[in-house]
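Remarks on the overall topology
Okay, here's what each chain looks like letter by letter:
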Amino acid sequence: MTKTKRMTMITMLVAISIMFHMIEAMIPIPIFVPGFKLGFANIVGLVALYMFGFKVMLEVNLMRVCLASLIRGVLFGTGFWLSLCGILLSSFACALAKRYTPMSIYGVSVAGSCFHAVGQVIAVTFIYQQFFMQAILPVLILLGIPTGLCIAYIAKQVLKRIQ
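Keep in mind the model is a prediction, meaning the values are calculated, not measured.

Looking only at helices and strands, the protein chain features 6 helices and 0 strands. Along the three orthogonal principal directions, the C-alpha set of the protein chain runs to about 50 × 35 × 30 Å. In the protein chain, buried positions account for 43% of the 163 residues. For the protein chain, restricting intrachain contacts to residue pairs at least 6 apart in sequence, the fraction spanning at least 24 positions comes to 71%. Summed over all atoms, the accessible surface of the protein chain reaches about 9,200 Å², with 73% contributed by carbon and sulfur.

Take a look at the structure:
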């Protein structure tokens, strides 16, 4: 792959992930659990991980969080810090799971989904100095399993069609 084609692909991944991030913010979720999202933008992160590796995945995810927060007008607000902490922990969990375990894309995605919830709860606990939010962590992890599986299924289909 040429350098220009690679840069174009990565730029498109960033743009698509921002679009998914923005659309997801507008979708009402019938489950009332604070902090729960479906994680559509994580499809793009997984695709970046499997196509280009951890460094590009981290770049795409960080660009998404920063630019989408800037566009939505919440840069450096609480939502930004929750997203940032979640995506950092999630990205590292996905990279470690992919590299050091025999997990398929499904296991990697579920690990990322669960650690995203852990990152958000850590951020909420730190920001508000309230430890009661940790009580919701098991529910978020439980909800993260099916969403992680769905995200992995879609990412796997995208990767199959790209290659």
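Right, let's talk about the packing of aromatic side chains for a bit. With the rule as written, the count across this model stands at 4 aromatic pairs. For the ring pair F76 and F80, a centre distance of 5.3 Å and an interplane angle of 75° mean the geometry is edge-to-face. The exposure class assigned to F76 is exposed, which follows from its relative accessible area of 56%. With relative accessibility at 3%, the residue F80 sits in the buried group.

Attention shifts here to the packing of helix α3 (residues 54-72) against helix α4 (residues 78-100). Running from N to C, α3 and α4 cross one another at 170°; their axes reach a closest spacing of 10 Å. Here α4 runs roughly antiparallel to α3, going by the angle between their axes. Touching F54, M57, L58, N61, L62, R64, V65, C66 and S69 of α3 are F80, S83, L84, I87, L88, S91, F92, C94 and A95, all from α4. Residues belonging to the contact of α3 with α4 are distributed by class as follows: 13 nonpolar, 4 polar and 1 charged.

Glancing now at the nonpolar core. Formed by 24 residues in total, the largest nonpolar core has its most connected members in L13 and V60. It is helix α2 (residues 41-52) that contributes the most residues to this core, 7 residues altogether. If near-sequence neighbours (up to four positions away) are discounted, L13 is found in contact with V44, V47, A48, F52 and V60. Formed by 12 residues, the second largest nonpolar core is a distinct cluster that contains F36, A117, A123 and M133.

Relative to the assigned elements, H21 resides in helix α1 (residues 3-26). Side chain to side chain, H21 and R64 meet in a polar contact 3.1 Å long. Excluding residues within four positions of it along the chain, H21 makes contact with A41, R64, A68, R72 and S83.

What follows covers a nonpolar patch on the surface. Residues M63, L67, L70, I71, L75, F76, W81, F126, I127 and Y128 make up a contiguous nonpolar surface patch of about 1,000 Å² in total accessible area. Those elements that provide at least two residues to the nonpolar patch are α3 and α5 (105-128). You can see F126 is positioned in helix α5. Judged by its relative accessible area of 65%, F126 is exposed.

On to α2. Side chains of residues three or four places apart in an α-helix project in the same direction, reflecting 3.6 residues per turn. Between its terminal C-alpha atoms α2 stretches 17 Å, which fits the 16 Å expected from 12 residues at 1.5 Å a residue. Among the 12 residues in α2, 9 count as buried, and that is most of the element. Within α2, the full set of buried residues consists of A41, I43, V44, G45, L46, V47, A48, L49 and F52. For α2, the secondary structure elements touched by its buried residues are α1, α3, α4, α5 and α6 (137-162).

How each quantity is defined
- Residues numbered from 1 in each chain as written.
- Predicted model: local features only at pLDDT ≥ 70, side-chain atom pairs only at ≥ 80, totals over all residues.
- Heavy atoms only, no water.
- Helix = DSSP H or I, 4+ residues; strand = E, 2+ residues; numbered from the N terminus.
- Buried < 20%, exposed > 50% of the residue type's maximum accessible area, 1.4 Å probe, protein only.
- Contact = heavy atoms within 4.5 Å.
- Areas by Shrake-Rupley, 256 points an atom, 1.4 Å probe, with all protein chains shown as cover.
- Phe/Tyr/Trp six-rings, centres within 6.5 Å; stacked < 30°, edge-to-face > 60°.
- Axes fitted to C-alpha atoms, helices over the stretch in contact; angles between N-to-C directions.
- Parallel < 35°, antiparallel > 145°, perpendicular 65-115°, else oblique.
- Nonpolar A, V, L, I, M, F, W, Y, C, P; charged D, E, K, R; others polar.
- Core = buried A, V, L, I, M, F, W, Y, C linked by side-chain atoms within 4.5 Å.
- Polar contact = N/O pair within 3.5 Å; in protein donor to acceptor, adjacent residues only side chain to side chain.
- Patch = residues over 30% accessible without salt bridge, like charges linked within 9 Å, V, L, I, M, F, W, Y side chains within 5 Å.
- Salt bridge = Lys/Arg side-chain N within 4 Å of Asp/Glu carboxyl O.
- Expected span 1.5 Å × (residues − 1).

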